[in-house]
Amino acid sequence: MATEEPHAGPRHVAIIMDGNGRWAQAKGRPRLFGHHAGAKRVKEIVRACKPLGVKYLTIFAFSTENWKRTQSEVSGLMSLFRQYIRRETRGLIDEGVCVRFIGDRVRLDPKLVKLMDELEESTAGNDVVNLTIAINYGGRDEVARATRRLAKDVADGKLSPDEVNEETLPKYLDTRVLPDPDLVIRTSGEARISNFLLWQSAYAEYEFVNTLWPDFSDEEFQKVVGSFGKRKRRFGAVPA
Ligand code: IPE
Ligand code: IPE
Ligand code: MG
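Overview of the structure. These figures come from a predicted structure and were not determined experimentally.

Criteria and cut-off values
Residues numbered from 1 in each chain as written. Chains lettered and ligands numbered in written order. Predicted model: local features only at pLDDT ≥ 70, side-chain atom pairs only at ≥ 80, totals over all residues. Heavy atoms only, no water. Near = heavy atom within 4 Å. Polar contact = N/O pair within 3.5 Å; in protein donor to acceptor, adjacent residues only side chain to side chain. Areas by Shrake-Rupley, 256 points an atom, 1.4 Å probe, with all protein chains shown as cover. Helix = DSSP H or I, 4+ residues; strand = E, 2+ residues; numbered from the N terminus. Nonpolar A, V, L, I, M, F, W, Y, C, P; charged D, E, K, R; others polar. Expected span 1.5 Å × (residues − 1). Buried < 20%, exposed > 50% of the residue type's maximum accessible area, 1.4 Å probe, protein only. Arc of directions from axis to C-beta. Contact = heavy atoms within 4.5 Å. Pairing = 2+ DSSP bridges.

**Concerning the site of ligand 2**
Around ligand 2 sit Ile16, Met17, Asp18, Phe60, Ala61, Phe62, Asn66, Arg69, Arg186, Arg192 and Ser194, and those are all the residues in its vicinity. The contact in question runs from an oxygen atom of ligand 2 to an N or O atom on the side chain of Ser194, over 2.6 Å. For ligand 2, the accessible surface in isolation is 390 Å², of which the surrounding protein chains cover 78%. If you tally residues by element for the shell around ligand 2, the top one is strand S2 (residues 56-63), at three residues. Looking at the shell around ligand 2, its residues break down into five nonpolar, two polar and four charged.

**Notes on helix H4 (residues 110-123)**
Taking 1.5 Å as the rise per residue, H4 with 14 residues should run 20 Å; its terminal C-alpha atoms sit 20 Å apart, in good agreement. Within H4, burial applies to Leu112, Val113, Leu115, Met116, Leu119 and Thr123. Along the long axis of H4, the arc covered by the buried residues comes to 160°, so they all point the same way. Opposite the packed face of H4, turned more than 90 degrees from it, sit the exposed residues Pro110, Lys111, Lys114 and Glu121. Buried residues along H4 sit against helix H3 (71-94) and strand S3 (97-102). Sitting at the amino-terminal end of H4 is Asp109, which places a side-chain oxygen 2.7 Å from the backbone nitrogen of Lys111.

**Brief notes about the pairing of strand S1 (residues 12-16)**
For S1, the tally of buried residues reaches five of five residues, placing the bulk of the element in the interior. Residues His12, Ala14 and Ile16 of S1 are buried on one face, and the alternating residues Val13 and Ile15, pointing to the opposite face, are buried as well. Both S1 and S2 contribute to a ladder of five bridges, which runs parallel. Across the sheet, Val13 pairs through a bridge with Leu57, a residue of S2.

**Observations concerning the pairing of S3**
With respect to burial, S3 is a largely interior element, five of its six residues being buried. Note that S3 and strand S4 (residues 129-137) share six bridges and pair parallel. Pairing of Arg100 across the sheet is with Thr132, part of S4.

Structure representation (structure tokens):
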């Protein structure tokens, strides 16, 4: 049974990187300027994981709801993702980062999907840090897509309805190869999940910090990760 390990750090940290727009606005700059600054932080935070013992880092880059933004912000973000992959591939390989993407790829530009596939392939053998990037990701959408695949397997006789349980269902989620997050951090002062990892974070610890994502420093990351060890995780049990 999963019981608490008093001073163990989080193995899997998930981050809702929020506040890029407000950060840029406060400087009188366009929102996209904030997204570019946010992408630079990603690079540093990924580097900060290894010495902290964070083996899995999952970051929320674009939600299924973010299509509601202006066309110029959406296309700016999509080209930033392409740019990020092109620019960072070499460094990610050299640093031993294994990159995966979660979210529905169907609505994404095929050019972006190709870059995502290539980055996954070229980093597949790495295991220093596992970086998962959520693009066009929504927890509800993920569960709905998983259920659709599961229902197909039931219809095809590959799975019996009696076999549907907490162990088999997650095998249909985008995150099937990942452990559940231990710690979910959200920046920018908003205290909500916004459709991130709904199933997976059932027992995650949450940390909401006021800092806007482009200002979220390595030091603050270290502090938040460090304070995780002081939490008492009970998983529903009564401690002895
Ligand atoms: C988070 O920053 C990045 C994305 C959602 C793509 P926001 O763009 O949501 O920034 P705020 O919340 O408007 O400040
Ligand atoms: C959540 O941030 C999505 C990402 C960080 C990618 P949002 O800024 O979209 O969330 P809401 O709209 O404030 O809930
Ligand atoms: Mg936001």
